[in-house]
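# Tertiary structure, described
The residues making up each chain are set out below.
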Amino acid sequence: MKKKLVAGLLTGAMMAALLTGCAGSKSDKSSDAKESYTIGIEQFAEHGSLDNCREGFLQGLEEEGIKEGDNLKVETKNAAADMGTAGQISDSFVSDKVDLICAIATPSAQSAYNAAMDAGIPVIYTAVTDPVAAELASEDGTPAGEVTGTSDKLPVEEQLKMIREMLPQAKTIGIMYTTSEANSVSVIKEYEDLVGKYDFELVTKGITTTADVSLAADDLLSKVDCITNLTDNTVVASLPTILEKANDKKIPVFGSEIEQVKIGCLAAEGIDYISLGKQTGKMAAQVLKGEKKASELNFETITTPGFYVNNKVAENLGITVPTDLSDNAVETFDEITQNK
């Protein structure tokens, strides 16, 4: 009887030890989990659509339980549309060993990925029109490495259809673009393929820096009936200059998203950049939490555009907005706001 009791006590002790060991392992595992994160946000230029991407990105993270000031430290840097500065920002984030880089716009995405690829730091981008052309993804959408995010691919055909409906007599459309921005070059090709379908002739004007914008605008406006704007970062940063010159000549300028319409473009078939940013933030949250690697997430897009129109601009230009467009507008504006 005594032997059985001793054996029972020994067995109980062994079971307790095993349970303690298991509990210890569980505790050790949870202590390894990251409780807070540090990210770097690299924004290529300061303008409304990219600002909205940044705002939406942080909202998307917060919706997934990662909130700035609680468990998230954020360092934001702006390259002011300068590639050299973008490179310096990317290198600084890598040196700081951030947990993740959010790159806003194509040039920043390319710069961040080039800097971070050997350091093992994931890059999540947004507002990259063509990730494949930017060499951030393969043709099937798979990431080039630890890099993924969201595309703001423009609804080119919807834009052309809308312009034709608003300007039935127009013959020529002008586009100014930065020759070094892969996103713009890609969209230009799509416009070239589609303008004939809507009986337009396309006139393009390439620039290299913001210093080229004024003269390029004068030249382009002398040759076209209207201008349609891309999400070209260098051009958008100088959009007020283009709008001022176009208004003097009573030539309508169409935008590519809501912020451009707010500041004086006539209308746009565009996307909501806050929603795009939120979508990006949710992707980043998966990577930060260790649920997915960036290389396991194909880039995503927002596929449904919305119509935005500025009635004040239409009034200034003497243009009547067709009822079927105005009735289905996502948002209309009755004043021209100052650029952010």
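Coordinates for the structure precede this section.
Residues numbered from 1 in each chain as written. Predicted model: local features only at pLDDT ≥ 70, side-chain atom pairs only at ≥ 80, totals over all residues. Heavy atoms only, no water.

We now examine the nonpolar core. Residues Ile39, Phe57, Leu61, Leu100, Ile101 and Leu136 are the most contacted members of the largest nonpolar core, which totals 48 residues. Secondary-structure elements contributing two or more residues to this core are β1 (37-43), α2 (48-63), β2 (72-78), α3 (83-95), β3 (100-104), α4 (106-116), β4 (123-126) and α11 (273-288). Broken down by element, this core gets its largest block of residues, seven residues, from α11. Ignoring any residue separated from it by four or fewer positions in sequence, one finds Leu61 in contact with Ile39, Ile66, Leu72, Gly281, Ala284, Ala285 and Leu288. Listed in part, the 33 residues of the second largest apolar core include Ala170, Tyr191, Leu194 and Leu325. (Core = buried A, V, L, I, M, F, W, Y, C linked by side-chain atoms within 4.5 Å. Buried < 20%, exposed > 50% of the residue type's maximum accessible area, 1.4 Å probe, protein only. Helix = DSSP H or I, 4+ residues; strand = E, 2+ residues; numbered from the N terminus. Contact = heavy atoms within 4.5 Å.)

Here we take up the pairing of β1. Of all seven residues in β1, six are buried; the element is thus mostly enclosed. Here β1 runs beside β2; their pairing, made up of seven bridges, is parallel. Across the sheet, Glu42 pairs through a bridge with Lys77, a residue of β2. Of the crossover connections in this fold, the one passing from β1 over α2 to the parallel β2 is right-handed. Here β1 runs beside β3; their pairing, made up of five bridges, is parallel. By the bridge assignment, Ile41 is partnered in β3 with Cys102. (Pairing = 2+ DSSP bridges. Right-handed = clockwise from strand over helix to strand, strands pointing away.)

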